[in-house]
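Examining the three-dimensional arrangement
Single-letter residue listing:
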Amino acid sequence: MSNVIYRVENYIGYVTVNRPEVLNCFNYETLIELQEAVDAIYANQDIRVVIFTGAGDKAFSAGVDLKERKTLNETQVRRNVKAIRDVFNSIAGLPQPTIAAVNGYALGGGLEWLLSCDFAIAAEGVSVGLTETSWAIIPGAGGTQRLPRLIGEAKAKELIFTAKKLTAEEALDLGILLKVVPRTELQAVCEELAADMMKNGPVALKQAKYAITQGMNTDLQTGLAIEAKAYELTIPTEDRLEALNAFSERRKPQFTGQ
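How each quantity is defined
Residues numbered from 1 in each chain as written. Predicted model: local features only at pLDDT ≥ 70, side-chain atom pairs only at ≥ 80, totals over all residues. Heavy atoms only, no water. Pairing = 2+ DSSP bridges. Helix = DSSP H or I, 4+ residues; strand = E, 2+ residues; numbered from the N terminus. Core = buried A, V, L, I, M, F, W, Y, C linked by side-chain atoms within 4.5 Å. Buried < 20%, exposed > 50% of the residue type's maximum accessible area, 1.4 Å probe, protein only. Contact = heavy atoms within 4.5 Å.

Details of the sheet that holds strand β4 (residues 59-61)
- If you trace the four strands from one edge of the open sheet to the other, you get β4-β6-β8-β9, paired in mixed fashion. Edge strands, defined here as strands with exactly one partner in the open sheet, are β4 and β9 (166-167).
- Both strand β6 (residues 105-107) and strand β8 (residues 127-129) contribute to a ladder of two bridges, which runs parallel. Looking at the pairing, Ala-106 lines up with Val-128 of β8.

So this is what it looks like as structure tokens:
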């Protein structure tokens, strides 16, 4: 893959959209490569956390590749929209916790990519926004659904209807971002969050994510039933017994994900 760089190190999956010369915009080839990387992560039980970012220091992603879009017929446009929707749904559906390391502009599809991750940590000075209505289209890769669930319906409508761009600090205040940090610290802060999560049981992390994500889209009683089933899956694990043994032996547990 040339448009997407994917590697695994210390149980972390790193995925970088590698088109800095065009602000890491998504053309069809990039979407296919990103989907391949996400599918590989889903199948890799050794990966415990995933960090997504864009290459360079200008953009996380400025969204779809408008130069490519101008050359497409309507059938190809629908193909591309389905591809970006599918890959962001796949990212949102990953069992591992996911972090967006927002190193620059996150506009249009770039913000929708961010919204498909569990956490977003941004460098100071970045801007974000769902700007699609300024191009006479709407967010079509989850933005109209994920943003109002995150920040509320009225504020999401305002941002989408006006195509307003937010500063990192404004996005932090709204809850779109988890943290805003100096640019030189972005990678380290994301890896620190990953390390804090990876101290805990891998199966427990996946089941906690599943219970929260699925439960948020239903009523409380159904959510509690989802939680109960997720808890059941942690009971027969070796990691649960390891945690108890480590406690009694006054040492740190060594979790294996089993």
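So, next bit.
Some remarks on the nonpolar core
- Ranked by internal contacts, the top residues of the largest apolar core, which has 60 residues, are Leu-34, Phe-52, Phe-88, Ile-99, Val-102, Leu-114 and Leu-147.
- With seven residues, helix α8 (residues 186-198) is the largest single contributor of residues to this core.
- The contacts of Ile-99, once residues within four sequence positions are left out, are Val-49, Val-50, Ile-51, Phe-52, Cys-117, Phe-119, Ile-121, Cys-190, Leu-193, Ala-194 and Met-197.

Concerning the pairing of strand β1 (residues 4-9)
- With six bridges connecting them, β1 and strand β2 (residues 12-17) associate as antiparallel partners. Counterpart to Arg-7 in the pairing with β2 is Tyr-14.

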